[in-house]
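One-letter residues, chain by chain:
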Amino acid sequence: MKNLSVWKIFKSNLQKKKPLTVLNEAIDSVASGKVLHHYLDALGVLHGEYAYKGPVFAQIDLTNDCNNDCIGCWCNSPLLEEKKIKKDIKSQMLPYRRVIRLIDELYKMGTRHLYFAGGGEPFMHPEIMDIIAFAKKRKMECFINTNFTLVDEKIIKEMVKLEVDSLTVSVWAGSPKIYAKTHPNKNEDTFNKIMNRLIFLNTIKKKLPTVKTYHVIFNMNYIELEKMVEFAVFTGSESVEFTVIDTIPDKTDRLLLNEFETKDLIVECLRVKEKYETGRFGNKVKLLGFDDFLRRISNSNALKAEYDSGIIDSIPCYAGWAFVRILADGNVNSCLKSHRFPVGNILNDNFKTIWNCNKQRMFRNKTLNINKSDPFFSLIGNDVDAKMGCYKSCDNLGHNRYFHDKISKLSDFEKQVLRKLIKIK
């Protein structure tokens, strides 16, 4: 029975016994731990607050420290002036031993996908490669978001050897000139070093890590959309992705596209999309999430940086089950932009306790509603004056769609069994 789906058992017994008898027997099977791992996520969503397994995706911010001052960053941009991240916060770093224990906790709870990213540059953590090695030994998938300026050939060879699964390389430019403009403390030579190291990586690897070049688009770099795709092609990277800038009012909002720039960008997007679909960029590079990017910049509220206002209210938010973010100070966030609503701290408690604590269950209860009019949502995002922070841009949109598709595929019979199981728990 351990190797069979409970739903197959139902079908095989339905011809012999009454449906209610079969249902009760199946619930006994589920309650005794024989339900497939596949259904535990759905079980939590149907409960409405509780999670029966760990997050599918976990982001660990190893450090807040960063060697770049990207012009659109909400932590280190020189445009932030007095709102720029303070030195004591910037120096925060998760202790190595606590990270190792956290990975163990997540693994035992069923998590298999780890993202090393956040407000700082992951390669600023002195023990990042030891941490990655431990996670890979656990057979966990490792994704790293990096500016790639601290990565040398030795580190590249080590990542290839460890079979790091994926790198997201933040570039924000298609030329040395624009790179230098959008990264004030760097220069054109930095862009060339990134390019050459990407070529080296993509030349020596057999398959992993896959590389995605990543670009935040605003009024200083939107003219280089095609060059950014060509950069991915030239470096041998597997994919390229674009996103909209998340601005801070009265500071970085000066980087927003105006009406005319937005129209020009939409025209450029359509031209790039047509060129991509007809294979004129070659067949190796993938344009990821491009329809979503086009939808965002075409939103009637894009000029005030509310790019996702047309989609957030269309499906529930499942981030409280699908995802978790652990910050460099140990705080646990339920979604990528809920840093003003920490639900616990791993330096004070174990993760399993935090994962189903009252604040986390409250987050799930609030966000599962399609209607997001609750004042609670003013706590989401970087804009403290926003009544609905999720409208600016939801970085968990992909996770929500993944879960929504999973829940939508459940049959009425499966939902009936799971709901009855919840009642006897």
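## So, the overall build of the chain
In terms of regular secondary structure, the chain is built from 17 helices and 10 strands. Rg of the C-alpha trace for the chain: 23 Å, near the compact-globule value of 22 Å for 425 residues, within the 12% margin. Across its three principal axes, the chain shows a C-alpha extent of roughly 75 × 50 × 45 Å. Burial analysis of the chain (425 residues in total) assigns 56% to the buried set.

## Quick notes on the sheet that holds strand 10 (residues 344-345)
Read from one edge of the open sheet, 10 strands run 7-6-5-4-3-2-1-8-9-10, paired in mixed fashion. In this open sheet, the two edge strands, each paired with only one partner strand, are strand 7 (286-288) and strand 10. Across the sheet, helix 6 (residues 128-137) is in contact with strand 2 (113-116) and strand 3 (141-146); its angle to strand 3 comes to roughly 155°. Most of the contacts of helix 12 (residues 290-298) go to strand 6 (residues 239-244), to which it runs at about 20°, and overall it touches strand 5 (210-217), strand 6 and strand 7.

## A closer look at the packing of helix 7 (residues 153-162) against helix 9 (residues 188-204)
Closest axis-to-axis distance for the helix 7/helix 9 pair is 10 Å, and the angle between their directions is 30°. The orientation of helix 7 with respect to helix 9, classified from their angle, is roughly parallel. In this structure, helix 7 meets helix 9 at a crossing whose hand is right-handed. The segment helix 7 lies against helix 9, with Glu153, Ile156, Lys157 and Val160 engaging Arg197, Phe200, Leu201 and Ile204. Partitioning the contact of helix 7 with helix 9 into residue classes produces 5 nonpolar, no polar and 3 charged.

## Some remarks on the pairing of strand 6
Taking burial as the measure, the 6 residues of strand 6 include 6 buried ones, the bulk of the element. Where burial is concerned, the two faces of strand 6 agree: the one with Ser239, Glu241 and Thr243 and the one with Val240, Phe242 and Val244 are both buried. Two strands pair when backbone bridges link them, and strand 5 and strand 6 are joined in this way by 6 bridges, in the parallel orientation. Bridge pairing links His215 to Phe242 in strand 6. For the crossover from strand 5 across helix 10 (residues 225-235) to strand 6, the handedness is right-handed. Alignment of strand 6 against strand 7, held across 3 bridges, turns out to be parallel. Of the residues in strand 7, the one forming a bridge with Val240 is Leu287. Between the parallel elements strand 6 and strand 7, the chain passes through helix 11 (residues 259-277) in a crossover that is right-handed.

## Brief notes about helix 15 (residues 358-367)
The α-helix winds at 3.6 residues per turn, so residues separated by three or four positions along the chain end up facing the same way. For helix 15, the set of buried residues is Gln360, Phe363, Arg364 and Thr367. The arc that holds the buried residues of helix 15, viewed along the axis, is 95°, so those residues lie on one side. Against helix 13 (319-322) and helix 14 (351-355) lie the buried residues of helix 15.

## Looking at the pairing of strand 8 (residues 323-326)
Burial of strand 8 is two-sided: the residues Phe323 and Arg325 facing one way and the residues Val324 and Ile326 facing the other way are all buried. As paired strands, strand 1 (residues 57-60) and strand 8 are joined by 4 bridges and run parallel to one another. Within the sheet, the bridge partner assigned to Phe57 lies in strand 8 and is Phe323. Judged from the 2 bridges that link them, strand 8 and strand 9 (residues 331-333) form a sheet pairing that is antiparallel.

## What about the nonpolar core?
Leu114, Phe148, Met159 and Phe351 are the most contacted members of the largest nonpolar core, which has 84 residues in total. Apart from residues lying up to four places away in sequence, Leu114 is in contact with Ala58, Ile60, Ile103, Leu106, Ala135, Met140, Glu141, Cys142 and Phe143.

## Thoughts on unusual backbone geometry
With an omega of 0°, the peptide bond between Leu208 and Pro209 qualifies as cis. By secondary structure assignment, the location of Pro209 is in the loop between helix 9 and strand 5. For Glu81, which is not glycine, the phi torsion reads 55° and is therefore positive. Located in the positive-phi region is Glu163, a residue other than glycine, with phi close to 60°. Along the polypeptide, Glu163 turns up in the loop between helix 7 and strand 4 (166-170).

## Some remarks on the environment of Ile370
Its location among the elements puts Ile370 in the loop between helix 15 and helix 16 (397-408). Judged by its relative accessible area of 41%, Ile370 is partly exposed. Considered as a pair, Ile370 and Asp313 are 57 residues apart in the sequence and their alpha carbons are 5.3 Å apart. In contact with Ile370, not counting residues within four places along its chain, are Asp313, Ser314, Ile315 and Pro316.

## Comments concerning the packing of aromatic side chains
Evaluation of the coordinates by the stated rule reveals 16 aromatic pairs. Centre to centre, the rings of Phe290 and Phe293 are 6.1 Å apart; their planes meet at 35°, and the pair counts as tilted. Of this pair, Phe290 and Phe293 both sit in helix 12, 3 residues apart, roughly one helical turn. Residue classification places Phe293 among the buried residues on the basis of a relative accessible area of 2%. Connected via pairs of aromatic rings, a cluster forms that spans Phe57, Tyr115, Phe143, Tyr318, Tyr402 and Phe403. A cation sits over an aromatic face here: Arg112 above Tyr107, 3.9 Å from the ring centre. The lysine or arginine in question, Arg364, covers the ring of Trp355, its NZ or CZ lying 4.6 Å from the ring centre.

About the cut-offs
Residues numbered from 1 in each chain as written. Predicted model: local features only at pLDDT ≥ 70, side-chain atom pairs only at ≥ 80, totals over all residues. Heavy atoms only, no water. Helix = DSSP H or I, 4+ residues; strand = E, 2+ residues; numbered from the N terminus. Rg over C-alpha atoms; globule rule 2.2 N^0.38 Å. Buried < 20%, exposed > 50% of the residue type's maximum accessible area, 1.4 Å probe, protein only. Pairing = 2+ DSSP bridges. Contact = heavy atoms within 4.5 Å. Axes fitted to C-alpha atoms, helices over the stretch in contact; angles between N-to-C directions. Parallel < 35°, antiparallel > 145°, perpendicular 65-115°, else oblique. Left-handed = near helix turned anticlockwise from the far one by under 90°. Nonpolar A, V, L, I, M, F, W, Y, C, P; charged D, E, K, R; others polar. Right-handed = clockwise from strand over helix to strand, strands pointing away. Arc of directions from axis to C-beta. Core = buried A, V, L, I, M, F, W, Y, C linked by side-chain atoms within 4.5 Å. Phe/Tyr/Trp six-rings, centres within 6.5 Å; stacked < 30°, edge-to-face > 60°. Lys NZ or Arg CZ within 6 Å of the ring centre and 35° of its normal.

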